[in-house]
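# Observations on the model geometry
Spelled out from the first residue to the last, the chains are:
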Amino acid sequence: MNDSTVTLPWLVFRQDDNGNRYRVGRYATRAEAQQIADTLDGRGHKQLYWVEKLGTSGQGTPD
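Remember, it's a predicted structure, so these values are computed and weren't measured experimentally. (Residues numbered from 1 in each chain as written. Predicted model: local features only at pLDDT ≥ 70, side-chain atom pairs only at ≥ 80, totals over all residues. Heavy atoms only, no water.)

### What to know about the environment of leucine 8
By the secondary structure assignment, leucine 8 is in the segment before strand E1 (10–15). Between the alpha carbons of leucine 8 and tyrosine 27 there is a distance of 4.8 Å; along the sequence they are 19 residues apart. (Helix = DSSP H or I, 4+ residues; strand = E, 2+ residues; numbered from the N terminus.)

### Looking at helix H1 (residues 30–41)
The first and last C-alpha atoms of H1 sit 16 Å apart over 12 residues, in line with the 16 Å expected at 1.5 Å per residue. Taken together, the buried positions of H1 are Ala33, Ala37 and Leu40. Down the axis of H1, the buried side of the element spans an arc of 65°, and every buried residue falls inside it. For H1, exposure combined with an orientation more than 90 degrees from the buried face picks out Ala31 and Gln35. Among the structural elements, E1, strand E2 (21–27) and strand E3 (48–53) are those in contact with the buried residues of H1. (Expected span 1.5 Å × (residues − 1). Buried < 20%, exposed > 50% of the residue type's maximum accessible area, 1.4 Å probe, protein only. Arc of directions from axis to C-beta. Contact = heavy atoms within 4.5 Å.)

### Some thoughts on the sheet that holds E3
Pairing is antiparallel across the open sheet formed by three strands, whose spatial order is E2-E1-E3. Looking at which strands have only one partner, the edges of the open sheet turn out to be E2 and E3. Taking the axes of each pair of neighbouring strands and ignoring which way they run, one obtains an average angle of 25° across the sheet. For E1 and E3, the ladder comprises six bridges, and the chain directions are antiparallel. (Pairing = 2+ DSSP bridges. Axes fitted to C-alpha atoms, helices over the stretch in contact; angles between N-to-C directions.)

### With respect to the packing of aromatic side chains
With the rule as written, the count across this model stands at one aromatic pair. Seen from their ring centres, phenylalanine 13 and tryptophan 50 are 5.7 Å apart, and the 20° between their planes marks the pair as stacked. Taken together, the residues phenylalanine 13 in strand E1 and tryptophan 50 in strand E3 connect sequence positions 37 residues apart. Residues phenylalanine 13 and tryptophan 50 agree in their burial class; the two are buried. (Phe/Tyr/Trp six-rings, centres within 6.5 Å; stacked < 30°, edge-to-face > 60°.)

On their own, these measurements won't tell you what the molecule is for.
Laid out in structure tokens, this is it:
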């Protein structure tokens, strides 16, 4: 990895009440991703938010 490469291995996903899943964003640390997920979850909507590390499931794959 060189200085111009940024690694963002932590992803935040959202699932709506119809079961549709979307990637919300990519983050450098788990703590940063979890903070975003918690903030979004705290808005009181019916969506589910969670954090995954890139490559740990079928969803967490690079663009």
